[in-house]
Amino acid sequence: MNAAIRGRSRPIYMDHAATTPVRPEVVEAMLPCFSERYGNPSSVYALAREAQVTLEKARGQVADALGAATEEIYFTSGGTEADNWAIKGVAAANRKKGDHIITSSIEHHAVLHSCETLEKQGYRVTYLPVDEFGRVDPASVEEAITDQTILVSVMAANNEIGTIQPIKKIAEIAHDHGVPFHTDAVQAIGAIPIDVNEMGIDLLSLSAHKFGGPKGTGALYIRRKTRIAALMDGGAQERGKRAGTENVPGAVGLGKAIELAVAEMPEKVPRLAAMRDRLIRGILDSIPETRLNGHPTERLPNNVNVAFRYVEGESILLMLDALGIAASTGSACTSASLDPSHVLIACGLPAEHAHGSLRLTLGSQNTDDDVDYVLSVLPRVIERLRKMSPLSPEQYT
């Protein structure tokens, strides 16, 4: 099997849901912020004013990509911070109105753990179930809402299985009851169209490193008049809601990356979806007792998530890595955990089957040759692991 990698000029990176390489155009846009426009945007002299103009240009780029107003964009350190702020901030600002939050059972841990923290403070949280494909039924949102509900939070697309949620319908239901709607759109930006007004989104979290921007930079969209507490106390930065000197280079990188990601969607999405579908068909056709996780059609254009019986996901990753393929078993934020994916368990997959999951997420630099290579080596990897597995029926024949 090792002969398969000989002569390859580069490794194959198929873990773009975990992070993406920073685009050269983004690096180029950020560089002047380190050496030329390095002023503190809160100061008053010319160098600082130049930094402030640069910061606001980036804020406008993010707003334009979402169909939002510039003043509705708040920069954060990433998607995790944005999720925490949206959920805890709305909860704190609306405690006198109610104490009930609705979310789904397959959210990112930034949302789930924020909700768990609020439960310890006396809030009540409803974790909506999903179907076998990981989709939330909007009717379950309607059933769960009470006069004490202060927030509905459902992700736009799942980071593990790629399932796209009917967030426009869910937002309509929330608004019918006077409840604000938050979505974690970290995986959705640059992959599916997002317009906060057309979709009825009141709060939206995003992270730059998922679409060619720098790590450590994200944003929270907050619709005007949405009641939300400030994230941190201190100075008056981010209109008094998030204190601390702004990360101007990061914001510039985010602005440029989201501008490029949205502009390139019409060309990029069909190409990625074609490679995704070829990967899915090839894997299911060549490897028996394999299940596709996530919705068969309502899924991110770059996401392939499959589960193989009788094998363990970490072993798959190690063997693929030796063959020059970078992949994942699920969310990078939980890769050190020995527990099966909470997403796959929520979809009804038995724990022993969920442990054998593999996530391949494509990016712009992937090619048809990459897909061919993965399809040529993956069946042999699974076959070899199954022969060694104590769970495999082959061990008892």
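What you see is a predicted model, and the numbers here were worked out from it, not measured in a lab.

A. Up close: the pairing of strand 4 (residues 124-128). When strand 3 (residues 100-104) meets strand 4, the two strands line up parallel, connected through 5 bridges. Within strand 4, the position partnered with isoleucine 102 by the bridge is threonine 126. Each parallel crossover has a hand, and the one from strand 3 via helix 5 (residues 109-120) to strand 4 is right-handed.

B. Fine view of the layout of surface pockets. In this model, the second largest pocket occupies a volume close to 400 Å³. In terms of lining residues, the second largest pocket is bounded by 25 residues, among which Thr20, Lys210, Phe211, Lys268 and Ser364 are the most central. Of all the elements in the fold, those that place two or more residues in the lining of the second largest pocket are helix 1 (24-30) and helix 10 (265-286).

C. Layout of the pattern of salt bridges. Taken as a whole, this structure holds 17 salt bridges when the rule is applied. In this structure, arginine 359 and aspartate 15 form a salt bridge, with 3.2 Å as the shortest nitrogen-oxygen distance. With arginine 359 in strand 12 (residues 357-361) and aspartate 15 in the loop between strand 1 (12-13) and helix 1, the pair connects residues that are 344 residues apart, well separated along the chain. A salt bridge links arginine 276 to aspartate 277, with the nearest nitrogen and oxygen atoms 2.9 Å apart. A relative accessible area of 27% means that aspartate 277 is categorised as partly exposed.

D. Seen up close, the sheet that holds strand 9 (residues 290-292). The strand order across the open sheet formed by 3 strands is 9-10-12, and the pairing between neighbours is antiparallel. Since the sheet does not close on itself, it has two edges, and those belong to strand 9 and strand 12, each with one partner. On average, each strand axis in the sheet is tilted by 25° relative to the strand beside it, whichever way the strands run. Of the strand pairs in this sheet, strand 9 and strand 10 (residues 303-308) are connected by 3 bridges, and their pairing is antiparallel. Opposite threonine 290, over in strand 10, you have phenylalanine 308 as the bridge partner. Packing of helix 10 onto the sheet brings it into contact with strand 9, strand 10 and strand 12, and relative to strand 10 it is tilted by some 10°. Here helix 14 (residues 368-388) sits on the sheet in contact with strand 9, strand 10 and strand 12, set at roughly 25° to strand 10.

Thresholds, definitions, all that
Residues numbered from 1 in each chain as written. Predicted model: local features only at pLDDT ≥ 70, side-chain atom pairs only at ≥ 80, totals over all residues. Heavy atoms only, no water. Pairing = 2+ DSSP bridges. Helix = DSSP H or I, 4+ residues; strand = E, 2+ residues; numbered from the N terminus. Right-handed = clockwise from strand over helix to strand, strands pointing away. 1 Å grid on protein atoms, 1.4 Å probe; cavity = no way out; pocket = protein on both sides within 12 Å on 5 of 7 lines; lining within 4 Å. Points joined across faces, edges and corners; volume = space filled by probe spheres on them. Salt bridge = Lys/Arg side-chain N within 4 Å of Asp/Glu carboxyl O. Buried < 20%, exposed > 50% of the residue type's maximum accessible area, 1.4 Å probe, protein only. Axes fitted to C-alpha atoms, helices over the stretch in contact; angles between N-to-C directions. Contact = heavy atoms within 4.5 Å.

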